[in-house]
Amino acid sequence: MLAVKSQISSTKQQANYDHVYFQVHTPRFFTSLSPVLLGFNLEYSQRKSLYSIGQVHGDEAISTIWIDYNIVSNDPYLNYQFSAYNQNSAGYNVFKIPLSYKKELFSINSKRHPENKTLSVRLNTGMNLEFLRIKGIPIIQNPISFGQAVTLLGDTIEPVGYSGHYNRSFSMSFNLGFDFDIKNKRRFNLQLYYEQGTRKIAQAVIGIYHNDDPNFFWTSFRATSRASSFHFNWAFRSICTRLRGRNE
């Protein structure tokens, strides 16, 4: 199975103490190319309904945050555009057990052979049992400095990234979308669906230290992930078809 995920993060930021420096953009959506997922899916069909259970290895729950900042001032003598772009991520491998129910909405038959379906479109619903691999990974990981910079006003600023998890090895999520079965034999299967997580899983933080003060974030920005995402999955039928259910 090949997959592309457009993941969703909720962002939270503290109030800026001095708006002279920062114009911050923390995008809510970002796209990531998931690795090739390994696993299996057992399906049982009954009329226009399809029930399935499986296992998926290699999926990821990722929280990512970007920050752009520069000096902004109405004073023409201070309006020096100092800019930077920083990114911080926190990603954790997830082992999933998906449970799905799919209902056929409509189908398109072949013109040459009207008894054969060339495309079947199903409503795709389900839930996922998610087991996070966080053993041995600290809740808050070591900070990463993006380097110091001295502004024309004589201040030193240093963005520092932190990442971590919420010490939860189990979570759940729910799916809703569509399933496109080409030639209606599950040989080529396209899935477009939205996945909503139920619990916070990962967080990425970027804090700005001001004038080398190690005990105070001048301002900070945080993105958290519930493993919510839009999925574009392209699945292929496996060679093994001896079971009554069909494998992908």
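Residues numbered from 1 in each chain as written. Predicted model: local features only at pLDDT ≥ 70, side-chain atom pairs only at ≥ 80, totals over all residues. Heavy atoms only, no water.

### Thoughts on the packing of aromatic side chains
How two aromatic rings sit relative to each other is set out by the distance from centre to centre and by the angle between their planes. To be explicit about the condition: Classification of ring pairs uses Phe, Tyr and Trp, with its six-membered ring standing for Trp, and accepts pairs whose centres are within 6.5 Å; under 30 degrees between planes counts as stacked, over 60 as edge-to-face, and the remaining range as tilted. The secondary structure listing takes helices from DSSP runs of H or I that are at least 4 residues long and strands from runs of E that are at least 2 residues long, numbered from the N terminus. Burial classes follow relative accessibility: with a 1.4 Å probe on protein chains only, a residue under 20% of its type's maximum area counts as buried, one over 50% as exposed, and anything between as partly exposed.
Evaluated as defined, the whole model comprises 5 aromatic pairs. Ring plane angle 45 degrees and centroid distance 5.2 Å describe the contact between Tyr51 and Tyr101, whose orientation is recorded as tilted. With Tyr51 in strand 5 (residues 49-69) and Tyr101 in strand 6 (residues 84-109), this pair connects stretches of sequence that are 50 residues apart. A residue is classified by how much of its surface remains accessible, and Tyr51, at 38% relative accessible area, is partly exposed. A centroid spacing of 5.0 Å and a plane angle of 45 degrees characterise the contact between Tyr194 and Phe230, whose relative ring orientation is tilted. Of this pair, Tyr194 sits in strand 12 (residues 188-197) while Phe230 sits in strand 15 (residues 229-236), and the two are 36 residues apart along the sequence. Judged by its relative accessible area of 26%, Tyr194 is partly exposed.

### Concerning a nonpolar patch on the surface
Note the cut-off: By definition, no residue in a patch forms a salt bridge, and every one has over 30% relative accessible area; like charges are joined within 9 Å, nonpolar side chains (Val, Leu, Ile, Met, Phe, Trp, Tyr) within 5 Å. Each accessible area is a Shrake-Rupley estimate made with a 1.4 Å probe; only the visible protein chains count as cover when residues are assessed. Basic side-chain nitrogens of Lys or Arg form a salt bridge, by our definition, when they fall within 4 Å of a carboxyl oxygen of Asp or Glu.
Among the surface-exposed residues, Leu105, Phe106, Ile108, Leu123, Leu176 and Phe178 lie close enough to one another that they form a single nonpolar patch of about 540 Å² accessible area. Breaking the nonpolar patch down by element, the ones donating at least two residues are strand 6 and strand 11 (170-182). Per element, the largest residue contribution to the nonpolar patch is 3 residues, and it comes from strand 6. As for its position among the elements, Leu176 is in strand 11. Residue classification places Leu176 among the exposed positions, given a relative accessible area of 52%.

### Quick look at the environment of Ser10
Inspection of the secondary structure assignment puts Ser10 in strand 2 (residues 10-13). As a C-alpha pair, Ser10 and Ser225 span 215 residues in sequence and 6.7 Å in three-dimensional space.

### Things to note about the pairing of strand 11
For clarity, the cut-off: Two strands pair if DSSP finds at least two bridges between them.
Taken together, the 13 bridges between strand 7 (residues 117-132) and strand 11 define a ladder with antiparallel strand orientation. Bridge assignment links Glu130 to a residue of strand 11, and that residue is Ser171.

Remember, this is a structural readout, not a statement about activity or role.
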